[in-house]
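Survey of secondary and tertiary structure
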Amino acid sequence: MAEAFLTRVSGPVAPLLSVAEAKEHCRGDFNDDDVLLESYVAAATDMLDAEYGELGRALVTQTWALTLGAFPAATPIHLPFPPVQAVQSITYYDADNAQQTLSASVYRVTVQEEGARIDLVSGESWPVVYNRPDAITVTFDAGYADAASDVPEGIRLAARLMVGHWYENRAAVTERSMATLPLGIRAILNKYRVVRGHI
């Protein structure tokens, strides 16, 4: 496949954990640390979610754009960050450098456990595109659902444990080891991790 790059267009539409959930896990009954807990939830989400996350998955619904310099000659277009919900559109710059939207009748989207793929429908062919690095953009929605509660509980448990660990260990260095998070968080996450190659 031609060189590709990814851009998050929007989302996630909701945080992975609410402040109330984080506070309950940390056994807090006051509001002074709400902003701190929000920052820990955001940090835990960054460690797990989508492009730079350990899982290689999108968690709560978000929209991404995969940009390509050319259509693949004989292979499908692979979309990262399962579970992929839908392809919104495929746009491209035609031979005259005018942007067009590819008809959905030309391609087929197959959603799989480890990602999604876009193949040509039999008898169809990819259009000729202008020579530019952003010739094609595939816009797609990924994530388990709009509600954080629809994300597998194992992932949300790992996020809670991360937040609780950071809440109890706020200094960069403590007498306890910071290398291993409590209760084998990585072991909890192993079943959800996607083996990633190059997009």
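Reference entry: report on the structure contained in this document.

Basis of the calculations
Residues numbered from 1 in each chain as written. Predicted model: local features only at pLDDT ≥ 70, side-chain atom pairs only at ≥ 80, totals over all residues. Heavy atoms only, no water. Pairing = 2+ DSSP bridges. Helix = DSSP H or I, 4+ residues; strand = E, 2+ residues; numbered from the N terminus. Axes fitted to C-alpha atoms, helices over the stretch in contact; angles between N-to-C directions. 1 Å grid on protein atoms, 1.4 Å probe; cavity = no way out; pocket = protein on both sides within 12 Å on 5 of 7 lines; lining within 4 Å. Points joined across faces, edges and corners; volume = space filled by probe spheres on them. Nonpolar A, V, L, I, M, F, W, Y, C, P; charged D, E, K, R; others polar. Polar contact = N/O pair within 3.5 Å; in protein donor to acceptor, adjacent residues only side chain to side chain. Contact = heavy atoms within 4.5 Å. Phe/Tyr/Trp six-rings, centres within 6.5 Å; stacked < 30°, edge-to-face > 60°. Buried < 20%, exposed > 50% of the residue type's maximum accessible area, 1.4 Å probe, protein only.

**As for the sheet that holds strand 3 (residues 77-79)**
- Strand order across the open sheet formed by 3 strands is 3-7-6, with antiparallel pairing between neighbours. Both edges of this open sheet fall to strand 3 and strand 6 (107-112), since each of them pairs with a single strand only. The average undirected angle you get between the axes of adjacent strands in this sheet is 20 degrees.
- In terms of strand pairing, strand 6 meets strand 7 (residues 115-120) through 6 bridges, oriented antiparallel. Bridging across to strand 7, valine 109 finds its partner in isoleucine 118.

**Observations concerning the sheet that holds strand 8 (residues 136-142)**
- Taken in spatial order, the 5 strands make up an open sheet running 1-2-8-4-5, and their pairing is antiparallel. Two strands lie at the open edges of the sheet, namely strand 1 (4-10) and strand 5 (99-101), each paired on one side alone. Going from strand to strand, the sheet's axes swing by 25 degrees on average, the running direction of each strand aside.
- Bridge analysis of strand 2 (residues 62-68) against strand 8 gives 7 bridges, and the strand direction is antiparallel. Looking at the pairing, threonine 67 lines up with threonine 137 of strand 8.

**Remarks on empty space enclosed by the protein**
- Within this structure, the stated rule accounts for 1 cavity of 30 Å³ or more.
- Computed from the structure, the largest cavity encloses a volume of approximately 30 Å³.
- Residue lining of the largest cavity: Lys23, Cys26, Gly28, Phe30, Asp33, Leu37 and Tyr167, and that is the complete set.
- Residue composition of the lining of the largest cavity, grouped by class: 4 nonpolar, 1 polar and 2 charged.

**Concerning the side chain of arginine 57**
- Turning to its location among the elements, arginine 57 is positioned in the loop between helix 2 (34-48) and strand 2.
- Within the structure, the side chain of arginine 57 is placed 2.5 Å from the backbone oxygen of tyrosine 192, a separation counted as a polar contact.
- Discounting chain neighbours no more than four positions away, the residues touching arginine 57 are Leu48, Asp49, Ala50, Phe81, Pro82, Pro83, Glu113, Glu114, Tyr144, Tyr192 and Val194.

**Looking at the packing of aromatic side chains**
- Evaluated as defined, the whole model comprises 4 aromatic pairs.
- Their ring planes at 55 degrees and their centres at 6.2 Å tell us that tyrosine 40 and tryptophan 166 sit as a pair that is tilted. Here tyrosine 40 is found in helix 2, whereas its partner tryptophan 166 is found in helix 3 (residues 153-168), with 126 residues between them in sequence. Neither tyrosine 40 nor tryptophan 166 differs from the other in exposure class; each is buried.
- With 4.7 Å between their ring centres and 55 degrees between their planes, tryptophan 64 and phenylalanine 81 make a pair best called tilted. Residue tryptophan 64 is found in strand 2, and its partner phenylalanine 81 is found in the loop between strand 3 and strand 4 (84-93); the two are separated by 17 residues along the sequence.
- A relative accessible area of 3% places tryptophan 64 in the buried class.
- Taking the relative accessible area as the measure of exposure, phenylalanine 81 reaches 3% and is therefore buried.
- Each member of the aromatic cluster is reached from another via a ring pair, and the members are Phe71, Tyr92 and Trp126.

**Considering unusual backbone geometry**
- Backbone torsion omega between glycine 11 and proline 12 reads 0 degrees, so that peptide bond is classified as cis.
- Its location among the elements puts proline 12 in the loop between strand 1 and helix 1 (19-25).
- Going from proline 82 to proline 83, the amide bond is cis rather than trans, its omega being -5 degrees.
- As for its placement among the helices and strands, proline 83 is situated in the loop between strand 3 and strand 4.
- Of note, alanine 50 is a non-glycine position whose phi angle comes to about 55 degrees, a positive value.
- Within the secondary structure, alanine 50 sits in the loop between helix 2 and strand 2.
- The buried category is assigned to alanine 50, whose relative accessible area is 1%.
- We note that asparagine 97 has phi near 65 degrees; this positive angle belongs to a residue other than glycine.

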